[in-house]
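# Fold and geometry: a report
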Amino acid sequence: QVQLVESGGGLVQSGGSLRLSCAASGNIFSIYTMGWYRQAPGKQRELVATITSGGSINYADSVKGRFTISRDNAKNTVYLQMNSLKPEDTAVYYCNAAIVNSDYVRMNYWGKGTLVTVSS
């Protein structure tokens, strides 16, 4: 079994910062792309940022220049540093990872999500 556990969400004022973390654990042989997605109330889940095992990064246009994704491969952890937060960033943030287990089976996993609320 594989688990993704997010942490770091909370309530912050507009213009503030938060850092999200997501740690993967369990039957892990290797981890490919890791990323963050978010879902605001009444909206579909959308991509925020992804990072490959080689360090290639992709951001949604709405967060470019404000959010930074990084990962620590030794800790199987991905981070999302969020600066200059806006009320429209309010959402549940989900961690996602493509993981190969010891049987060399690749699957896509999701965390349970962490709520980020930005007050105006």
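Details of the structure are given in the entry above.
Here we summarise the structure given alongside this text. Keep in mind that this is a model prediction, so the values were computed, not measured.

The next thing to look at is the pattern of salt bridges. By the definition in use, this model includes 4 salt bridges. With its nearest N and O atoms 2.7 Å apart, the salt bridge here joins Glu-46 to Arg-38. Two residues, Arg-38 and Asp-89, come together in a salt bridge whose shortest N-O distance is 2.9 Å. On the criterion of sequence distance, the pair formed by Arg-38 in strand E4 (residues 30-39) and Asp-89 in the loop between strand E8 (77-82) and strand E9 (91-100) is long-range, its members being 51 residues apart. In this structure Asp-89 comes out as buried when scored by relative accessible area, which is 1%. Shared partners join several salt bridges into a network, and the residues in it are Arg-38, Glu-46, Arg-66 and Asp-89.

Moving on: the nonpolar core. Counting residues in hydrophobic clusters, the biggest one holds 31 residues, and the most contacted among them are Trp-36, Leu-80, Met-82 and Tyr-93. When residues of this core are traced back to their parent elements, those giving at least two are strand E1 (2-7), strand E3 (18-26), E4, strand E5 (46-51), strand E7 (67-72), E8, E9 and strand E11 (114-119). The element that contributes the greatest number of residues to this core is E9, accounting for 5 residues. In this structure Tyr-93 touches Glu-6, Leu-20, Trp-36, Tyr-37, Arg-38, Val-48, Phe-67, Leu-80, Met-82, Gly-113, Thr-114 and Val-116, once residues within four positions along its chain are discounted.

Attention now goes to the packing of aromatic side chains. Enumeration over the complete set of coordinates arrives at 2 aromatic pairs. Between Phe-29 and Tyr-104, the aromatic rings sit 5.0 Å apart at their centres with planes inclined by 75°, giving edge-to-face as the arrangement. On the criterion of sequence distance, the pair formed by Phe-29 in the loop between E3 and E4 and Tyr-104 in the loop between E9 and strand E10 (106-110) is long-range, its members being 75 residues apart. Note on Tyr-104: relative accessible area 59%, which makes it exposed. The ring of Trp-110 carries the charged tip of Arg-45 above its face, separated from the ring centre by 4.6 Å. The side chain of Arg-106 reaches across the aromatic face of Tyr-32, ending 4.5 Å from its centre.

Reading the values: the criteria
- Residues numbered from 1 in each chain as written.
- Predicted model: local features only at pLDDT ≥ 70, side-chain atom pairs only at ≥ 80, totals over all residues.
- Heavy atoms only, no water.
- Salt bridge = Lys/Arg side-chain N within 4 Å of Asp/Glu carboxyl O.
- Helix = DSSP H or I, 4+ residues; strand = E, 2+ residues; numbered from the N terminus.
- Buried < 20%, exposed > 50% of the residue type's maximum accessible area, 1.4 Å probe, protein only.
- Core = buried A, V, L, I, M, F, W, Y, C linked by side-chain atoms within 4.5 Å.
- Contact = heavy atoms within 4.5 Å.
- Phe/Tyr/Trp six-rings, centres within 6.5 Å; stacked < 30°, edge-to-face > 60°.
- Lys NZ or Arg CZ within 6 Å of the ring centre and 35° of its normal.

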